[in-house]
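# Survey of secondary and tertiary structure
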Amino acid sequence: MTVAAGIGYALLALGPSLSLFVSVISRKPFLILTLLSSTLVWLVSLIVLSGLWRPFLPLKANVWWPYALLVLSSVCFQEGLRFLFWKLYMRLEDVLDSFADRISRPRLFLTDKMQISLAGGLGHGVAHAVFFCLSLLTPAFGPATFYVDRCSKVPFFLISAIIALAFVTIHTFSMVIAFEGYAKGNKVDQVIVPVIHLSAGMLTLVNFASEGCVIGVPLLYLVASLTLLHCGKMVWQRLLESRNQSGPALR
Amino acid sequence: MATGLPPLLAIAFLISTLLPLPISLAGEIASIESVPDLQKLMYVAVDGYPCVRLLNLSGEIGCSNPGLSKVVAPIIKLKDLKDVAEPHTVLVTADEMEDFFTRVSNDVSFASKIGGVLVESGSSFQQKLKGLSPDKMFPQAEFSPYKNADYKWNPTASSIMWKAYNFPVYLLSESGISAVQEFLSKKEMKHKTFTSHVAEFNMVMETTKAGTHNSEVCLQEGSCLPLGGYSVWSSLPPINVSSSNNRKPIVLTVASMDSASFFRDKSFGADSPISGLVALLGAVDALSRVEGFSNLKKQLVFLVLTGETWGYLGSRRFLHELDRHSDAVAGLSDTLIETVLEIGSVGKGLSGGTNTFFAHKTRVSSTTNMTLDALKIAQDSLASKNIKILSADTTNPGIPPSSLMAFMKKNPQTSAVVLEDFDTKFVNKFYHSHLDDLSNINSSSVVAAASVVARTLYTLASDSNDASNSALGSIHVNASFVEELLACLLSCEPGLACNLVKYYISPTNTCPGNYAGVISGEPSSKPYLGYVSDVSRFLWNFLAEKTSVQEGNTTSVCSKGSCSKTEEVCIKAESNKEGTCVVSTTRYVPAYSTRLKYNDGAWTILPQNTSDSMGMVDPVWTESNWNTIGVQVYTVQHSAYDNAVLVAGITVTTLAYIGIMVAKSFITKALKQD
């Protein structure tokens, strides 16, 4: 498929992340650090999960329920890890705030905290895209293309890039929702993030059916756009609240 | 709104978990567990046999990639090749092959449409095909000792293997055919508009790279090697080389071990000439069980030549060495050779329950009459076996293409007979083609020929006209041995991995490629065994064991191929086994053109010498070197599609960037801060 197509697939999966990185994350070094550490946390979670599942591999290719079990256990584990990641972040936030007090600088604004959670989510999403899409993309730079029997309308690399883009979106914005949910104790937000993650994971199982990707991928994008909308709505509400609360002091 | 969304998501989740239940998983998928697995599925390697570039003094023949890079061309069936703009990979079936290549040589515009050729020659075509012979109508006519070079020994021949083609040609094996057909069947279903199935040929020949287009230049540049190999001769009983007197006259029996076809690695040559070789070995096996050979009046010598297809390299070099009394032929001399009997194609003699063979003689003389009489005696002693030996038709211009032509050219007074299964023209309709395999011959014909030859040789060696029935009647050819040997030399299962061959050597290949190949390294009578082909090594070990005499009861072992006594040779010493020392006179004789000389690691062509009449017409065949040869098939997308993907990626990135900028401005406006 040549270099042009290879770059195209890479940009499809990671282009928006690149844009986000360039426009928001790269401005503040702390955000870059957050992104890197959350990428690392996600990769570590994958290593642990693969270690746990190693005795059961390889899974039979024509039965779907072991895969459902795999997705379920992975999502639960990663959501648990997300909570711990948040706890760690709270500790860090206290440290940063007390440091700011000591040197008589303003504390973290609401937008700062949201940017940190955004960077965290982006870290997860980039790790997912690199692991599940980019690592398979090397053959795409060669002359041949590949079509999978069960999703024969589009090349394998294209569908993999599209799915990776959906997951990048989901991971990035669900981290923002989650952090706000844990901080405010909002049960809806706390529950909705694992639900989104799990449903996205389960929707990929639809691709097992012959031509299932025709249904599965649009539904996945539905979930991604719902995540985006919910996040946007939540952020907008929080910003309006805090602006109405008080003038300069935004927590 | 805030309360509406979570229930919506909950419903979506529920639906998604319920959806997989009624969906049945369609079919088996090849599980891809790593990126190399993915690459193997994308690039399907196709198994087969190439046609390679061969050169002679005036030019080249055979096939090759036209340039230095791989050839990538879309696959199309021959019948669909009408008006195409660019070169394609053409799928040709075996029955279309001869017409196709003839047309390519004659029609330049047709040839320009060919990027590469894949030949399908499955077993289904073999029934349809009446004959296929890519050789000439009179093979190696330039070496014939008689003037009539227009006589058609092989009338259905097409001569396609002697032409040069500027594209790669690849014969698909059975697994290759199924791989390609499976691959193409996916095409019919979808994406005709923006994908195409291509074959990629990696058959770059070094002579193309080096720009050397004839033997002389390519040998100088080192981009090719001369064709040749190692012939083997053995004497029964062993000759005492040190005592030069009391030498008996020699009855020389000749067969060849090399064949050729359009495709280098698929040339079993079952009828021509391997049936003759197996008949010789069957006769040797039978004679080895006869007692008292040292009391007979004459000496038997068995000679198996290689390189005969490429200008009678084996026989010319053997005769040359005889003239020079070299080490390779110590114990022999051309004055001692009284009679020569060659065993040609003997695999198709069976018809209507009788095995009929024809004896072609070089000239009328008392010696040839003696041979014909011996053949008759042998035939009569085998009366129950329905074997008939007939003299060849006197209207034939002379002997058929055989090693005896080289003997005759060297010495027109040679008295020799060649035994064949045909009279006025070849009965082998697949002469020198990839279809001359085990199914083309009859093992009982080979057994019959072996029986006749064994008894003829005994009669000639004992030089008695009376058929001493007891001794003659005790000579029996082991039919199961002959059949086992045919399966070893003419098939890939078991091929050279059969027990018979593995008893003597450890073969490097399982599939016997009876193509002579190139001669590597310095030619000598004691060559480095790594450069000697499997079949030559097998013959050497086999003949050495069968013609050996046991001295006493003790057999000494040898390692590293050397025995203490000079008349002993070390046999069965491969694969780290300890060999056995036996008393035998068995030697390798290099087979290469008399026009070539090996000097300091390089080959040079000697100038023409009028005393070497055969060297004057010798084309001096060489084979180009190459790096790797392979064919793979894969699907490519049209470049428009690739560019569309790139544009989509850039668009998505840019749109995301714009979206983020818009969101940022919204948020800053909402805050009036940051």
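Residues numbered from 1 in each chain as written. Chains lettered and ligands numbered in written order. Predicted model: local features only at pLDDT ≥ 70, side-chain atom pairs only at ≥ 80, totals over all residues. Heavy atoms only, no water.

### Observations regarding the overall build of chain B
- Scanning chain B for helices and strands turns up 19 helices and 26 strands.
- If you line up chain B on its principal axes, its C-alpha atoms span 125 × 55 × 55 Å.
- Split into buried and exposed, the 674 residues of chain B put 55% on the buried side.
- A separation of at least 24 residues holds for 80% of the contacts in chain B among residues at least 6 apart in sequence. (Helix = DSSP H or I, 4+ residues; strand = E, 2+ residues; numbered from the N terminus. Buried < 20%, exposed > 50% of the residue type's maximum accessible area, 1.4 Å probe, protein only. Contact = heavy atoms within 4.5 Å.)

### Notes on the overall build of chain A
- Of the regular secondary structure elements, chain A holds seven helices and zero strands.
- In summary, chain A has a C-alpha radius of gyration of 20 Å against a globular reference of 18 Å for 251 residues, a match within 12%.
- If you line up chain A on its principal axes, its C-alpha atoms span 60 × 40 × 30 Å.
- Relative to its 251 residues, chain A shows a buried fraction of 55%.
- Long-range contacts, defined here as pairs at least 24 residues apart, represent 78% of the contacts in chain A between residues at least 6 apart.
- With the model as given, the accessible surface of chain A reaches about 11,000 Å², and the carbon-plus-sulfur share is 74%.
- Charge centroids of chain A, computed over 19 positive and 11 negative side chains, lie 2 Å from each other. (Rg over C-alpha atoms; globule rule 2.2 N^0.38 Å. Areas by Shrake-Rupley, 256 points an atom, 1.4 Å probe, with all protein chains shown as cover. Lys, Arg positive; Asp, Glu negative; His and termini not counted. Charge placed at Lys NZ, Arg CZ, Asp CG, Glu CD.)

### Remarks on the UniProt feature "transmembrane region" (unreviewed entry) in chain B
- Taken from the UniProt record, the annotation "transmembrane region" (unreviewed entry) applies to residues 644-663 of chain B.
- Helix makes up 100% of residues 644-663 of chain B and strand 0%, and the two end C-alpha atoms of the span are 28 Å apart. (UniProt positions renumbered as here; feature names shortened; annotations may be inferred.)

### Looking at a nonpolar patch on the surface
- A cluster of nonpolar side chains, namely Trp-236 of chain A together with Leu-655, Ile-658, Val-662 and Phe-666 of chain B, defines an oily patch on the protein surface of about 500 Å² accessible area.
- Its place among the elements puts Phe-666 of chain B in helix 19 (residues 639-671). (Patch = residues over 30% accessible without salt bridge, like charges linked within 9 Å, V, L, I, M, F, W, Y side chains within 5 Å. Salt bridge = Lys/Arg side-chain N within 4 Å of Asp/Glu carboxyl O.)

### Considering the UniProt feature "transmembrane region" (unreviewed entry) in chain A
Residue and element names in this part refer to chain A.
- UniProt records the feature "transmembrane region" (unreviewed entry) at residues 6-25, 30-52, 64-85, 116-137, 157-179, 191-209 and 215-236, using the numbering of this structure.
- Spanning residues 30-52, this segment combines 100% helix with 0% strand, and its end C-alpha atoms are found 33 Å apart.
- Counted over residues 215-236, helix gives 100% and strand 0%. Its end C-alpha atoms are 32 Å apart.

### Re the packing of aromatic side chains
All names here are of chain B.
- All chains considered together, the criterion is met by 43 aromatic pairs over all chains.
- The rings of Phe-100, Phe-101, Phe-110, Tyr-165, Phe-167, Phe-262 and Phe-263 are connected pair by pair, giving a single aromatic cluster.
- Over the ring of Trp-162 we find Lys-136, and its NZ or CZ is 4.9 Å from the ring centre. (Phe/Tyr/Trp six-rings, centres within 6.5 Å; stacked < 30°, edge-to-face > 60°. Lys NZ or Arg CZ within 6 Å of the ring centre and 35° of its normal.)

### Some details on the nonpolar core
- In this structure, Leu-281, Leu-287, Leu-300, Leu-489, Phe-538 and Leu-539 of chain B are the most contacted members of the largest nonpolar core, which totals 90 residues.
- Formed by 70 residues, the second largest nonpolar core is a distinct cluster that contains Ala-13, Leu-110, Ile-116 and Leu-203 of chain A. (Core = buried A, V, L, I, M, F, W, Y, C linked by side-chain atoms within 4.5 Å.)

### Some remarks on the pairing of strand 5 (residues 71-77) of chain B
Residues and elements named next belong to chain B.
- When you tally the buried positions in strand 5, you get five out of seven residues, the bulk of the element.
- Where strand 5 lies against strand 9 (residues 195-202), four bridges are found, and the strand directions are antiparallel. Across the sheet, Val-71 pairs through a bridge with Phe-201, a residue of strand 9. (Pairing = 2+ DSSP bridges.)

### Here we look at the environment of Asn-246 of chain B
- Relative to the helices and strands, Asn-246 of chain B resides in the loop between strand 11 (229-236) and strand 12 (250-256).
- Expressed as a C-alpha distance, the spacing of Asn-246 of chain B and Gly-615 of chain B, which sit 369 residues apart in the sequence, is 35 Å.

### Comments concerning the sheet that holds strand 5 of chain B
All names here are of chain B.
- Reading across the sheet, the eight strands line up as 1-26-9-5-6-7-8-2 and stay open at both edges, with mixed pairing between neighbours. Of all the strands in the sheet, just strand 1 (44-46) and strand 2 (48-50) have a single pairing partner and so form its edges. Averaged over all adjacent pairs, the angle separating strand axes in this sheet is 35 degrees, with direction ignored.
- Pairing between strand 2 and strand 8 (residues 169-172): three bridges, direction antiparallel. Bridged to Pro-50 within strand 8 is Tyr-170.
- Sheet strands in contact with helix 3 (residues 94-106) are strand 6 (88-93), strand 7 (114-120) and strand 8, and its direction is about 130 degrees off that of strand 6. (Axes fitted to C-alpha atoms, helices over the stretch in contact; angles between N-to-C directions.)

### Re the state of the cysteines
- Considering all chains together, one arrives at seven disulfides over all chains under this definition.
- At a sulfur-sulfur separation of 1.9 Å, the disulfide partner of Cys-218 of chain B is Cys-224 of chain B. Torsion about the S-S bond of the Cys-218 of chain B and Cys-224 of chain B cystine: about 80 degrees, corresponding to right-handed handedness.
- For Cys-218 of chain B, a relative accessible area of 0% corresponds to the buried category.
- Here the bonded cysteines of chain B are numbered in sequence order, and their pairing is 1-2, 3-4, 5-7, 6-8, 9-11, 10-12.
- Free cysteine Cys-133 of chain A: the closest other cysteine sulfur is in Cys-151 of chain A, separated by 14 Å.
- Here Cys-133 of chain A falls in the buried class, since its relative accessible area comes to 0%. (Disulfide = S-S within 2.5 Å.)

### A look at unusual backbone geometry
All names here are of chain B.
- Residue Pro-237 is reached from Leu-236 by a cis peptide bond, and omega for that bond is -5 degrees.
- Checked against the element boundaries, Pro-237 lands in the loop between strand 11 and strand 12.
- Of the consecutive residues Ser-272 and Pro-273, the connecting peptide bond is found in the cis state with omega at 5 degrees.
- Relative to the helices and strands, Pro-273 resides in helix 9 (residues 270-288).
- The backbone of Lys-572 sits at a positive phi, close to 55 degrees, despite the residue not being glycine.

### Brief notes about the sheet that holds strand 10 (residues 224-226) of chain B
Residues and elements named next belong to chain B.
- Taken together, four strands build an open sheet; the order of strands is 4-3-25-10 and the sheet is antiparallel. This sheet does not close on itself; its edge strands, each paired only once, are strand 4 (60-62) and strand 10. The sheet shows a mean angle of 30 degrees between the axes of neighbouring strands, taken without regard to direction.
- Bridging between strand 3 (residues 53-55) and strand 4 involves three bridges; their strand directions are antiparallel. Bridging from a neighbouring strand, Leu-55 pairs with Glu-60 of strand 4.

### Considering the packing of helix 5 (residues 156-184) of chain A against helix 7 (residues 213-245) of chain A
Residue and element names in this part refer to chain A.
- Between helix 5 and helix 7, the least distance of the axes is 9 Å, while the angle of their chain directions is 30 degrees. Relative to helix 7, the element helix 5 is oriented roughly parallel. For the element pair helix 5 and helix 7, the recorded crossing hand is left-handed.
- Residues of the contact of helix 5 with helix 7, tallied by class, amount to 20 nonpolar, four polar and three charged. (Parallel < 35°, antiparallel > 145°, perpendicular 65-115°, else oblique. Left-handed = near helix turned anticlockwise from the far one by under 90°. Nonpolar A, V, L, I, M, F, W, Y, C, P; charged D, E, K, R; others polar.)

### Details of the side chain of Arg-595 of chain B
Residue and element names in this part refer to chain B.
- By the element assignment, Arg-595 lies in the loop between strand 22 (586-591) and strand 23 (596-599).
- Of the side chains with opposite charge, Asp-612 lies nearest to the buried Arg-595, which makes no salt bridge, at 6.4 Å.
- Engagement of the side chain of Arg-595 in a polar contact is seen with the backbone oxygen of Gly-615, the distance being 3.0 Å.
- In contact with Arg-595, other than residues within four places in its own chain, are Leu-57, Arg-316, Thr-604, Ile-605, Leu-606, Pro-607, Gln-608, Gly-615, Asp-618 and Val-620. (Polar contact = N/O pair within 3.5 Å; in protein donor to acceptor, adjacent residues only side chain to side chain.)

### Observations regarding the side chain of Thr-145 of chain A
- Among the structural elements, Thr-145 of chain A can be located in the loop between helix 4 (110-132) and helix 5.
- A polar side-chain atom of Thr-145 of chain A sits 3.0 Å from a polar atom in the side chain of Gln-637 of chain B.

### Here we look at the pattern of salt bridges
Residues and elements named next belong to chain B.
- What the rule picks out here adds up to 22 salt bridges over all chains.
- Between Lys-546 and Asp-285 there is a salt bridge, with its nearest N and O atoms 3.0 Å apart. Of the two residues, Lys-546 sits in helix 17 (residues 534-546) while Asp-285 sits in helix 9, which places them 261 residues apart along the sequence.
- The class for Asp-285 is buried, based on a relative accessible area of 3%.

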